[in-house]
Amino acid sequence: MEMNFAGRVLDMSRCHVMGVLNVTPDSFSDGGRFNRLDAALLKARQMARDGAAFVDVGGESTRPGAARVSVQEELDRVCPVVEAISRELDVIVSVDTSTPEVMSQAVGLGAGLINDVRALQRDGAASAAANAGVPVCLMHIKGEPDTMQNRPVYENVLREVGEFLTLRIRAAEKAGVSPKSIILDPGFGFGKNLDHNLRLLASLEQLHVLGHPLLVGMSRKSMLGQITGREVDERLPASIAAATISAMKGASIVRVHDVRETVDAVRVSMAVKEVV
Ligand code: 7PJ
C-alpha cells in the first residue's frame, strides 16, 4: 500500500499529517510578495519540524463569497512558495488547486500531490493532472463553493458521495491518471450540513470499498463549531478529536492547521491500531 509522490514514497496503510498553508492575501499581513514568501516559508519550516509529511499550498479561497482569482494571480501566489519549499524542506508539497495551469507548473517546480476540491471537473484539469504524473486527491463537492452551503439535500449522503467519487475516478483514469495514484476525500463541509458531515464521518471506513487511500479535512471547520459552540480559533481540541477518529477509521492523510498537536494524536491512534 505504497504511493510515490514525485520520488517520496509513503506507506498509505498508516496515517500522515498534511499541514495547511494558505497563500491568499487575507491569510498573511500584506507586506508585499517577498515578505509573504518569507512568512509562508517560516510556517512551512515549522510544519516540517512538527512532523508534517505534506504541506498543502493553496492560493484560491474556497470560502463562500470569496472573489475568484485569475490564473496568473493564482500562479503568482502559489509557484514561488511551492518552489522554495520543494527546494528546501523534506516534505511533500501538495498543491490545493482546481486550475490546470497551476497543477502543471507547481508539479514542474517540485509539488508531489495535486489536491483538487473540484475533483478535476474544470476544463483541462484531468489531462493536466495525468500529464503531471503525480498522485491526485479527488474530493467530493456538491455544487460550487459559492452556493454549496445553501440547503444541501441528499437522499443518502454516503451513497451519493461514493457515486460521485466513482464517476470522478473513471474520468481521471480515462484522462490517463494512474489508478495507483488516486486518493479520495469525502469533502467535509463542501455542500453538507452537520448531519451529512456526521454521517460521513461515522461511516468513513465504508469508503474504503472504493479501493483508494482516504484524505480527510475537518480542521477548524464550522461542523466542529456547531458541535462545540466554539469560534474558529478555539477549535483545536475538537479538530484533534476529528483527526483521531479519522485515523482510527483508516484515513491515510489528515489535513490540519495544527500539525504538532495532530501528529501526537495520530501517533497514539497508530500505536493502538498496531496491536489489534
Ligand atoms: C479541504 C481541502 C478538504 C481537501 C479545503 C478549509 C477549507 N482539500 N481544502 N479536503 N478543505 N482535500 O480548510 O476549511 O476538506 S479549504
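## Digging into the site of the ligand
Close contacts around the ligand come from Thr62, Asp96, Asn115, Val117, Cys137, Met139, Asp185, Phe190, Leu215, Gly217, Lys221 and Arg255, and that covers them all. Glycine 217 has a polar backbone atom sitting 3.3 Å from an oxygen atom of the ligand. Take arginine 255: an N or O atom from its side chain is 2.8 Å from an oxygen atom of the ligand. Here the ligand has 390 Å² of accessible area as a free molecule, and 84% of this is covered by the chains. Its residues placed into classes, the shell around the ligand shows five nonpolar, three polar and four charged.

## A closer look at the pairing of strand β7 (residues 136–139)
Every second residue of β7 is oriented toward a common face, with Val136 and Leu138 on one face and Cys137 and Met139 on the other, all of them buried. Across three bridges, the pairing between strand β6 (residues 113–116) and β7 is parallel. Bridge pairing in β7 places isoleucine 114 opposite valine 136. In this fold, β6 hands off to helix α4 (residues 125–132), which returns the chain to β7; that crossover is right-handed. One ladder, built from four bridges, connects β7 with strand β8 (residues 182–185); its direction is parallel. Paired with leucine 138 across the bridge in β8 is leucine 184. Handedness of the β7-helix α5 (residues 157–175)-β8 crossover: right-handed.

## Quick notes on the nonpolar core
Where a protein is soluble and globular, its nonpolar side chains tend to be buried together. With 70 residues, the main nonpolar core has Leu21, Val57, Ile85, Leu120 and Leu138 as its most contacted residues. For leucine 138, the residues in contact, after removing those within four places along its chain, are Asp116, Ala119, Leu120, Leu165, Arg168, Ile169, Ala172, Ile182, Ile183, Leu184 and Asp185.

## Describing the pattern of salt bridges
This model, assessed by the stated rule, comprises 15 salt bridges. Here glutamate 155 ties to arginine 159 by a salt bridge, and the two come within 3.0 Å at their closest N and O atoms. According to the relative accessible area criterion, glutamate 155 is exposed, its value standing at 70%. In this structure, arginine 199 engages aspartate 195 in a salt bridge whose closest nitrogen and oxygen atoms are separated by 2.9 Å. Placement of both arginine 199 and aspartate 195 in helix α6 (residues 194–202) is noted, with a separation of four residues, approximately one turn of the helix. Relative accessible area serves as the criterion here: at 40%, aspartate 195 is assigned to the partly exposed category. Residues participating in the shared-partner salt-bridge network are Glu60, Arg68, Arg118, Arg122 and Glu144.

## Quick look at the packing of helix α2 (residues 71–88) against helix α3 (residues 100–108)
Closest axis-to-axis distance for the α2/α3 pair is 10 Å, and the angle between their directions is 20 degrees. Taken together, the axes of α2 and α3 are roughly parallel relative to one another. You can see that α2 and α3 cross each other, and the crossing is right-handed. Contacts between α2 and α3 involve Val71, Glu74, Leu75, Val78, Cys79 and Val82 on the former and, on the latter, Glu101, Val102, Gln105 and Ala106. Here the residues of the contact of α2 with α3 are counted per class, giving seven nonpolar, one polar and two charged.

## Let's talk about the state of the cysteines
Per the stated rule, a full pass over the model turns up zero disulfides. Just so you know, cysteine 15 is unpaired, no disulfide at all, and the nearest cysteine sulfur is the one on cysteine 137, 13 Å from it. Judged by relative accessible area, cysteine 15 falls into the buried class, the value being 8%.

Conventions used here
Residues numbered from 1 in each chain as written. Predicted model: local features only at pLDDT ≥ 70, side-chain atom pairs only at ≥ 80, totals over all residues. Heavy atoms only, no water. Near = heavy atom within 4 Å. Polar contact = N/O pair within 3.5 Å; in protein donor to acceptor, adjacent residues only side chain to side chain. Areas by Shrake-Rupley, 256 points an atom, 1.4 Å probe, with all protein chains shown as cover. Nonpolar A, V, L, I, M, F, W, Y, C, P; charged D, E, K, R; others polar. Buried < 20%, exposed > 50% of the residue type's maximum accessible area, 1.4 Å probe, protein only. Helix = DSSP H or I, 4+ residues; strand = E, 2+ residues; numbered from the N terminus. Pairing = 2+ DSSP bridges. Right-handed = clockwise from strand over helix to strand, strands pointing away. Core = buried A, V, L, I, M, F, W, Y, C linked by side-chain atoms within 4.5 Å. Contact = heavy atoms within 4.5 Å. Salt bridge = Lys/Arg side-chain N within 4 Å of Asp/Glu carboxyl O. Axes fitted to C-alpha atoms, helices over the stretch in contact; angles between N-to-C directions. Parallel < 35°, antiparallel > 145°, perpendicular 65-115°, else oblique. Left-handed = near helix turned anticlockwise from the far one by under 90°. Disulfide = S-S within 2.5 Å.

Nothing here speaks to function; it is geometry throughout.
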